[in-house]
Amino acid sequence: MIHTFKGGVHPNYMKAPQVPISVVAPPAEVIIPMAQHIGAPCKPVVQVGDTVRMGQVVGDNPAPVSAPVHSSVSGKVVAVEPRPHPLGDTIMSVVIENDFRDTPCDDLKPLTEEEMKDPDVILKRMRDAGVVGMGGAMFPTHFKVRGGIGKVDKLIINGAECEPYLNGDHLTMLNFPEQLLKGIELVRIASHVEKAYYGIEVNKQDAIDLLNSLHPEQYGIEIVPEAVKYPQGGEKMQVFAVTGRRVKPGALPSGVGCNVVSTRTCYAVYQACYEGRPVIDRIVTVSGSAIGRSFNALTRVGTPLGYLAEQCGGFVKTPRKIVLGGPMMGICATNFDAPTIKGISGVLYFTEDEDKSVKDPHCIRCGKCIEVCPMNLEPIFMYMYYTKGDYENLEKYHVMDCFECGSCAYNCPARMPLTHAFKTAKLMLQAKAAKEKAAAEAKAAKEAQK
Amino acid sequence: MSGQKERIVLDAAFQPQVRTDRDTRRLMLDVIIALIPTVIVAVLQFGVNALFLCLIGAVSAVFWEALYRFLFKKESNIGDLSAVVTGLLLSLTLPASAPWWIPVIGTMFAIVVVKQLYGGIGRNFLNPALAGRAFLLASYATLMATWNIPKALSGTVDGVTMATPLASLYSTEAAGVMPAYFSVGRLFMGYIPGSMGEISALAILIGAGYLIYRNVISWRIPVSFIGAVALITLIFGKKGFGNGEWMLYNLFSGGVLFGACFMATDYATSPVTLKGQLVFGAGCGLLTVLIRYFGGYPEGTTYAILIMNLCTWAIDKGFRRHQFGVTKADIVLQKAQELAEKEARR
Ligand code: SF4
Ligand code: SF4
């Protein structure tokens, strides 16, 4: 049986899993931002002039919601300063001059077989290796898994890879199937659950067959084939497709006993535990009409975006934007010097060919945004209230439940900037709520003084 | 390379970075394509004049739209083809005997008064083509009810004009007597007099099938509309007809099918909520039958749809759905809480 959810769209997939994994030569200088996860940013633990080895910790933070960052090359620290971050702004970064020797750091040893049966050891290793949600959410995995213990009875591995262009998960399945299954098993053990469900869209049938041929059941894993539809990989959609459970509005999947972990994260857990290797590289799909073809490039964390494009043959057309991740949820980098980070699964160099926005869009009331919204929202009205600045109705129409999947705006024939508006609206509402809370607190404090 | 890099200005364009190929223009083009079978039947039955009227409708609609946008210094939007659709739809509701200036006046009312004065595409609350038709009906009643004999019936019937099957169906004198040439099969094929677009059920259904297949319109409005008409006429039959026969006659005569597939599905004037669309369609069907049964005028479709157009906003407000993850139990609980709060306040 093929599992899925209601709503969603079928974008032009532009996938190229047939392109073999290519290795991007590490750049002469890598930039390691201190914020490559959601939560407390790291503080640099090295100084200018230090020699670092490949995989050595260069930034850390003891806060619970955090994960250390590691050097992706060996060499010398040449700067510890704010640098452009791919997701905007400048962020404290450690810049390392590459000595091109890749001298490995052996701080992390492969775990023994005994240790790999101990959830606490695995969780600690996830943290030490800097494993975060590598599907793009970048939430520290150790924290997510630990938080689910006791609540979660079903572990779900996200292998949908529903975003157009991206092939990294698919290629990981095809090239490292056994390692992947072992990685999932580790996450499963760390989560204290009996069984993990691996949801994979059926456009990766070859990977499904391959994984099934390796007897996933001996690792406590069941492969769940899923319909090819965006956003199948959304957490709530994954949970629904696999278990039929509906995550409540505003709640996390753990509220219905599920945790969703991405494919590449499980592979990173495998590397961390079996190889003692922290997260210092990943497959990044490089594509877009400015490049003219697709690469599935094994890229070191900290590789500047401009350098990455050069390594992939340079531009055949002038790029207009650099999209990080997939084109549906990915946001744009505006600086060629910004580096790739752990959570970036794709870098798409788009020209105006991909741009379909119009100057003065008019909603034609076709209802196509409503038809596809996987959260059952009514984007047309949310947008209307957004343009009116009507906060109350925005809330009534549940704008806070929008998870910015982009389906509505993708499907809108009039090209209304729906998703962008909701993103802004959510920020406005949050700011307003924060302000009101602060005001209420101030008032309460005053009363207390009296 | 790096020199070139400096000069490239990067957009921080907002997500999603890709969009479907199917823009407004493409949807409208699909509607035009879906109308082709209907136009072909009209030409086969009424001659080239039918095509001529359709073209005049389309061209004049575009003309009015362009003129209005030009005079009021607004950006031209004729590229979206919505005016062509309106013009074509309006023409197809006319009798083939209509003089050439009828669609010109009709489209002026449709485009200028109904569509543009309310702010253009997507803002109007009445279906422009139908409102144009209603305007013409009120102003030129005789011209709008002169039915040429279709080619399929020439030789069978004498004279130049004749009554439509719908009129025969509801005529008080000859209750239960339908002429043999108005058999259900012939109605289905379109071998009958009537408005150019409405005569052939077959052609309309082909077009509607195309629109639904291409997901230009959803099935909800046509199915609930036609379903409501079918159900009511099946239950409340008429003496002299078998109930099934009466139902089929009601479906295939007059504008029910054309209205359900092409008029009631007009984006701007029908609900966008999914349940709302079902309610809207059923309402159109119900009103159509009510007007046919109890109104002085046999053709109820136009007014039924126009009346429902006025309810669209209220329907959209009233038939919202719950966001993903909200169960029936949650809703009951929430309602109970609200009630309790109200009580407490009192
Ligand atoms: S999809 Fe776009 S044009 Fe259609 S109703 Fe939604 S916002 Fe309006
Ligand atoms: S409203 Fe939000 S959740 Fe719904 S389709 Fe649009 S972006 Fe996705």
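Within chain A, the secondary structure is distributed over 13 helices and 17 strands. Taken over the C-alpha atoms alone, chain A extends approximately 65 × 60 × 50 Å along its principal axes. Expressed as a percentage of the 450 residues in chain A, the buried residues total 58%. Accessible area of chain A: about 17500 Å², with a carbon and sulfur share of 54%. A gap of 5 Å separates the mean positions of the 49 positive and 49 negative side-chain charges of chain A.

Turning next to the site of ligand 2. Around ligand 2, the structure places 13 residues, and the nearest of them are C373, C402, C405, G406 and C408 of chain A. Where the shell around ligand 2 is concerned, the elements lending two or more residues are α12 (407–411) and α13 (418–449) of chain A.

It is worth spelling out the layout of surface pockets at this point. In this structure, the second largest pocket spans a volume of roughly 1000 Å³. Lining the second largest pocket we find 37 residues, and of these K6, E371 and N376 of chain A together with L274 and R321 of chain B sit closest to its centre. The set of elements that each furnish at least two residues to the lining of the second largest pocket consists of α9 (368–372) and α12 of chain A together with α13 (274–294) and α15 (328–345) of chain B. Ranked by residues supplied to the lining of the second largest pocket, first place goes to α9 of chain A with four residues. The residue makeup of the lining of the second largest pocket, split by class, is 14 nonpolar, twelve polar and eleven charged.

As a further point, take the environment of K43 of chain A. Residue and element names in this part refer to chain A. Structurally, the position occupied by K43 is in strand β3 (residues 43–44). Residue classification places K43 among the exposed positions, given a relative accessible area of 54%. The spacing of K43 and P68 is 25 residues in sequence and 8.9 Å in space, taken between C-alpha atoms. Once residues lying within four places of it in the same chain are set aside, the contact partners of K43 are M34, V58, G59, D60 and N61.

This part takes up the sheet that holds strand β12 (residues 258–262) of chain A. Residue and element names in this part refer to chain A. Judged by pairing direction, the sheet is parallel, and its four strands sit side by side in the order β11-β10-β9-β12 without closing on themselves. If you trace the sheet from one side to the other, it starts and ends with β11 (221–226) and β12, each paired once. Strand-to-strand, the axes of this sheet are offset by a mean angle of 25°, without reference to chain direction. Inspection of the sheet shows strand β9 (residues 154–159) paired to strand β10 (residues 196–201) by five bridges, in the parallel sense. Note that in β10 the partner of G159 across the bridge is I200. Across the sheet, helix α7 (residues 263–275) is in contact with β9, β10 and β12; its angle to β12 comes to roughly 75°.

With that out of the way, let us pick up a nonpolar patch on the surface. Nonpolar side chains collect at one region of the surface, where L29, I33, I36, I40 and L44 of chain B lie side by side and expose about 420 Å² of accessible area between them. Within the secondary structure, I40 of chain B is located in helix α2 (residues 24–46).

Residue and element names in this part refer to chain A. The sheet built from four strands is open, its strands ordered β2-β8-β7-β4 with antiparallel pairing. A single partner strand is all that each edge strand has here, and the edge strands are β2 (29–33) and β4 (51–52). Here β4 pairs with strand β7 (residues 75–84) via two bridges, running antiparallel. When the bridges of β7 are listed, V52 appears paired with G75.

Below, the discussion takes up the environment of F422 of chain A. Inspection of the secondary structure puts F422 of chain A in helix α13. Here F422 of chain A falls in the buried class, since its relative accessible area comes to 1%.

What follows is about the nonpolar core. Membership of the largest hydrophobic core comes to 84 residues, with the highest contact counts inside it found for M196 and F262 of chain B. With ten residues, the top contributor of residues to this core is α2 of chain B. When neighbours within four sequence positions are excluded, M196 of chain B is seen to be in contact with T38, A42, F46, A50, L53, C54, S91, L92, L94, P95 and A96 of chain B. By size, the runner-up hydrophobic cluster in this structure holds 66 residues, among which are L111, A272, F336 and I344 of chain A.

Next up on the list: empty space enclosed by the protein. Residue and element names in this part refer to chain B. What the rule picks out here adds up to six cavities of 30 Å³ or more. What the largest cavity holds in volume is close to 340 Å³. Taken together, 23 residues form the lining of the largest cavity, with M28, V85, T86, D266 and Y267 sitting closest to its centre. Those elements that provide at least two residues to the lining of the largest cavity are α2, α4 (82–92), α6 (128–139) and α12 (256–263).

Residues and elements named next belong to chain A. P231 follows Y230 through a cis peptide bond whose omega is -5°. Here P231 is to be found in the loop between β11 and α6 (235–243). Backbone geometry at R415 places phi at a positive 65°, although glycine is not the residue there. Within the element layout of this structure, R415 appears in the loop between α12 and α13. For R415, a relative accessible area of 6% gives the class buried.

The rules behind the values
- Residues numbered from 1 in each chain as written.
- Chains lettered and ligands numbered in written order.
- Predicted model: local features only at pLDDT ≥ 70, side-chain atom pairs only at ≥ 80, totals over all residues.
- Heavy atoms only, no water.
- Helix = DSSP H or I, 4+ residues; strand = E, 2+ residues; numbered from the N terminus.
- Buried < 20%, exposed > 50% of the residue type's maximum accessible area, 1.4 Å probe, protein only.
- Areas by Shrake-Rupley, 256 points an atom, 1.4 Å probe, with all protein chains shown as cover.
- Lys, Arg positive; Asp, Glu negative; His and termini not counted.
- Charge placed at Lys NZ, Arg CZ, Asp CG, Glu CD.
- Near = heavy atom within 4 Å.
- 1 Å grid on protein atoms, 1.4 Å probe; cavity = no way out; pocket = protein on both sides within 12 Å on 5 of 7 lines; lining within 4 Å.
- Points joined across faces, edges and corners; volume = space filled by probe spheres on them.
- Nonpolar A, V, L, I, M, F, W, Y, C, P; charged D, E, K, R; others polar.
- Contact = heavy atoms within 4.5 Å.
- Pairing = 2+ DSSP bridges.
- Axes fitted to C-alpha atoms, helices over the stretch in contact; angles between N-to-C directions.
- Patch = residues over 30% accessible without salt bridge, like charges linked within 9 Å, V, L, I, M, F, W, Y side chains within 5 Å.
- Salt bridge = Lys/Arg side-chain N within 4 Å of Asp/Glu carboxyl O.
- Core = buried A, V, L, I, M, F, W, Y, C linked by side-chain atoms within 4.5 Å.

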